[in-house]
Amino acid sequence: MTRLIGELLRPYRGRLSIILAAMLVQTIMGLVAPWPLKIIIDDVVGDHPAPAWVAWMVPMMGADTKIHLAVAAGIATVAIAVITGIAFYVANYVTESMGQWVANDLRVRIFHRLQLFSLGFFDHNRVGAVLSTIMTDVQTIQSFASVSTLNLITDTFTIFGMVIVMFVLRWDFALIALTVLPFLAVFVFRVNGLIKKATREVRQRQADLTATLQQGLEGIEVVQAFDRQDYEEQRLVSASNETVTAWLKARRVSSLLSPVVGLAVAVCTGLVLWRGSVLVLDGVTTVGTLTVFLAYLAKFFQPVRDVAVMTNSIAQVSVGFERIRSILEADYVVPERPSAIEPPPFRGDIEFVHVAFGYDPNVPVLRDISFRIRPGQLVGVVGPTGSGKSTVVSLVPRFRDTDAGTIRIDGVDICEYQLHPLRRQIGFVLQDTVLFRGSVRENIAFGRPDATEDEIVEAARLANADEFIMRMPDGYDSPVGERGHSLSGGQRQRIGIARAFIRDSPILILDEPTAALDAESEESVMTGLRRLMEGRTVIVIAHRLSTIRDADHILVVKDGVIAEAGSHDELLARGGIYADLHRIQYR
Ligand code: ADP
Ligand code: MG
C-alpha cells in the first residue's frame, strides 16, 4: 500500500512541499497570534519595559514609544491574519487539486489495467463491482486526500508543539497528560481493526448493490418483457437493505471513538486537577500556572481527539486501497513474451494441437482439441449449445489462454506473436453486434479508426448496409443509441459486417452471426457475409446447417471434444451427430 501511495504522490512532490510549507506557516502564525495582545497588556497598558527586540523593531523610541507599540501591535494583528489567510487558501486549494489529480490518475490507471486483462478477469468479476471500485473507492481516497490530509498534518504539528510547550511549562503535569496516550493508542489500534473489517463488509455490499443496479438496468428490456419488475425490485431492496445494515454495524464501532477519547481526556484532566490543587495548597505552584496548563491541556487533546476519530477515515481509505490493489495487482494480463515478434501478414494457416481449456481450472470445458485449417479455407463449427464452440474460437485471438496444448498460426505458436498485431489480423462478427453511443460512421470506423470516408462507405455497401443507412435521417451521421437500440438486429449485424470489412483481416471468425435474425434479414445479412468471407480464412460457428453446407471442412463439437470432422457429404454419410442435426433441421 505504501508503495502505491508513493507512486501516486511522486508526480505531486512539488505540491506536497507547498502544502507542508503553508501548513507550517499556519501553525507558526497560530503560535504567534497571542503575542500582540501580550505586548499590549504588559508593555503598553502595563509598566513592563518592552524587550530589546521589540524596541529594535519599532523605531523612534521615546515619548511616543507606547503609542508606536500599540500601532505596531495592531498592524501585527492584521498582518498575522493576512498571512494565515493566504497560507490557509494555498494549503486548501493545493490539497484539493492534489486529491482530484490523484483520483484522476487512479481511475486512468485502473481502466488502463483493465484493458490489458484477458476476458478471464471478467469471467470472475462482475462489471458492477469493478465500476463500484473505480467510482466509490477512488472517491473515498480523493476526499481523504483533499480534506483529512490537511487536518492530519496540522494536528501532528500541533501535538508536537503542545507537548514541548507543556513540558517547558510543568513537566510533571505534562507526564500525567502523556500517560493516557499509550492506552489510547492501543484502543485506537484495536478499533481500527474492527472498523476495517466492518468497512470491508460495507464496500462489498455497496459493490453488490451497484452490480444489482447495473444488471437490472442493462437487462431492463428482459425484465419488462417477463414482467419481473417486482422480482428485480426485491433484489435491489435486499441488496440496499444489506448495505444499510453493514453501514450501521460499522458505525456502531466507529461511533465509540469519540466518547472513549473524551473519557480519556476527562481522566487526565481530573488527575491534573487533583495533583495541581495539592501542589497549589502546598505552595509549590501558583493558581495561574495551573489555569494556563489546563488551557493547554484542552488545546493538546483536541488534535489527539481529531486524529483518533480520523481512524474511521483511515480505515475506509485503506480498505479502498485494498480493493483498488485487488484490480491493479490481479494477474490477468495476457502475457507477452519479451521475444514476441510482430507477425507478418497471415496466410491463414490455423492449427490447434491437443488444446485444453477451462474457465475454472478444475472444470475442463475443452479437452484435447486438434484440427488444422488451411489458408483460405471455410471451416464450419457445429454442435449443441454449451458444447464449447464459442470457447474454441475465443482462444485464437488469445481472449483467454489455453491450459494445455498449442495454437499455431502459419506454423508459429500464437504466444510467440505480439498480442495487438495478432488481434489486428483477426476479424469478428458475433451473434450480437455491440454498438457504442456515437454516429453510424464512428461505429463502422471502430474496425480501424484511420479509415477514410470512402472506405467506410465502401464497407457499408459491401455489407449491404449502405441502403438502410442512407434512409436514416442523417445518413452516416445518424446517432445510434446505447447498445444500438435504435437499430434492428439485422441492421446491427450489417454494421458489424461493415466493421469487419474495414478491418480487412486475413482471418475471420463468425460466431452464429445470423442466429438472432428472422429469415428475411438473415438473407440480407448473408449476402454481406458471403462477400466478407471471400478470400479469407474463415471459421464460422453455425446454428443453421445451411450456412455451412459449402464449407471446406466441418467440425462437430460435443462436450468439449471434436466428435466428428469432415465435409458435409462425408458427415451425412457417416450417420452420426451431424446427420442427426441435419435430420432435425430438415425434417
Ligand atoms: P457454445 O458456444 O458451444 O454454445 P460455449 O463455448 O459458450 O458453448 O460454452 C461452453 C461451456 O463453457 C458451457 O458449459 C458454458 O457454460 C461455459 N462457459 C462459457 N462461457 C463461460 C464463462 N465466461 N465463464 C464460465 N463458464 C463459461
Ligand atoms: Mg456460443
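Thresholds, definitions, all that
- Residues numbered from 1 in each chain as written.
- Chains lettered and ligands numbered in written order.
- Predicted model: local features only at pLDDT ≥ 70, side-chain atom pairs only at ≥ 80, totals over all residues.
- Heavy atoms only, no water.
- UniProt positions renumbered as here; feature names shortened; annotations may be inferred.
- Helix = DSSP H or I, 4+ residues; strand = E, 2+ residues; numbered from the N terminus.
- Rg over C-alpha atoms; globule rule 2.2 N^0.38 Å.
- Buried < 20%, exposed > 50% of the residue type's maximum accessible area, 1.4 Å probe, protein only.
- Contact = heavy atoms within 4.5 Å.
- Areas by Shrake-Rupley, 256 points an atom, 1.4 Å probe, with all protein chains shown as cover.
- Lys, Arg positive; Asp, Glu negative; His and termini not counted.
- Charge placed at Lys NZ, Arg CZ, Asp CG, Glu CD.
- Near = heavy atom within 4 Å.
- Polar contact = N/O pair within 3.5 Å; in protein donor to acceptor, adjacent residues only side chain to side chain.
- Nonpolar A, V, L, I, M, F, W, Y, C, P; charged D, E, K, R; others polar.
- Salt bridge = Lys/Arg side-chain N within 4 Å of Asp/Glu carboxyl O.
- Pairing = 2+ DSSP bridges.
- Axes fitted to C-alpha atoms, helices over the stretch in contact; angles between N-to-C directions.

Per an unreviewed UniProt entry, the chain goes by the name Protein-tyrosine-phosphatase and belongs to Mycolicibacterium madagascariense. Its UniProt record gives the chain a comment under Sequence similarities (unreviewed entry), which states: "Belongs to the ABC transporter superfamily. Siderophore-Fe(3+) uptake transporter (SIUT) (TC 3.A.1.21) family."

Moving on to the overall build of the chain. Helix and strand content of the chain: 22 helices and twelve strands. What you see for the chain is a C-alpha radius of gyration of 36 Å, clearly larger than the 25 Å of a compact globule of 587 residues, by over 25%. In terms of principal-axis extent, the alpha carbons of the chain reach across some 120 × 55 × 50 Å. Relative to its 587 residues, the chain shows a buried fraction of 43%. In the chain, once contacts between residues fewer than 6 apart in sequence are set aside, the share between residues at least 24 apart is 77%. Looking at the chain as shown, the accessible area adds up to about 30900 Å², and 61% of this sits on carbon and sulfur atoms. With 57 positive and 63 negative side-chain charges, the chain shows a spacing of 6 Å between the two charge centroids.

Our next topic: the site of ligand 1. Close to ligand 1 lie Asp-123, Tyr-359, Val-365, Pro-384, Thr-385, Gly-386, Ser-387, Gly-388, Lys-389, Ser-390, Thr-391 and Arg-400, which account for all nearby residues. Take Lys-389: an N or O atom from its main chain is 2.8 Å from an oxygen atom of ligand 1. In the model, an oxygen atom of ligand 1 is placed 2.4 Å from a nitrogen or oxygen of the Thr-391 side chain. In the complex, 60% of the free accessible area of ligand 1, which totals 560 Å², lies under the protein chains. For the shell around ligand 1, the element with the most residues is helix H14 (residues 389-394), which contributes three residues. Class assignment of the residues belonging to the shell around ligand 1 gives a composition of three nonpolar, six polar and three charged.

A few words now on the pattern of salt bridges. This model, assessed by the stated rule, comprises 29 salt bridges. Among the salt bridges present, the one from Arg-536 reaches Asp-504, with a minimum N-O distance of 2.9 Å. With a gap of 32 residues between them, Arg-536 in the loop between helix H20 (519-533) and strand E10 (537-541) and Asp-504 in the loop between helix H19 (489-503) and strand E9 (507-511) connect regions that are remote in the sequence. A relative accessible area of 10% places Arg-536 in the buried class. Here Asp-504 falls in the exposed class, since its relative accessible area comes to 52%. A network of salt bridges, in which partner residues are shared, links Arg-126, Glu-201, Arg-205, Asp-208 and Glu-242.

Taken in spatial order, the six strands make up an open sheet running E6-E9-E10-E3-E11-E12, and their pairing is mixed. The strands lining the two open edges of the sheet, one partner per strand, are strand E6 (426-429) and strand E12 (561-566). Strand-to-strand, the axes of this sheet are offset by a mean angle of 20 degrees, without reference to chain direction. Note that strand E3 (residues 378-382) and E10 share four bridges and pair parallel. Bridge assignment links Leu-378 to a residue of E10, and that residue is Val-538. Its contacts with the sheet place H19 against E6 and E9, and it is angled at close to 175 degrees to E6. Sheet strands in contact with H20 are E3, E6, E9 and E10, and its direction is about 155 degrees off that of E9.

Time to look at the UniProt feature "transmembrane region" (unreviewed entry) in the chain. UniProt records the feature "transmembrane region" (unreviewed entry) for residues 12-33, 67-91, 150-169, 175-195, 256-274 and 280-298 in the present numbering. Helix makes up 100% of residues 150-169 and strand 0%, with an end-to-end C-alpha separation of 28 Å. For residues 175-195, the helix share is 100%, the strand share is 0%, and the end-to-end C-alpha distance is 30 Å.

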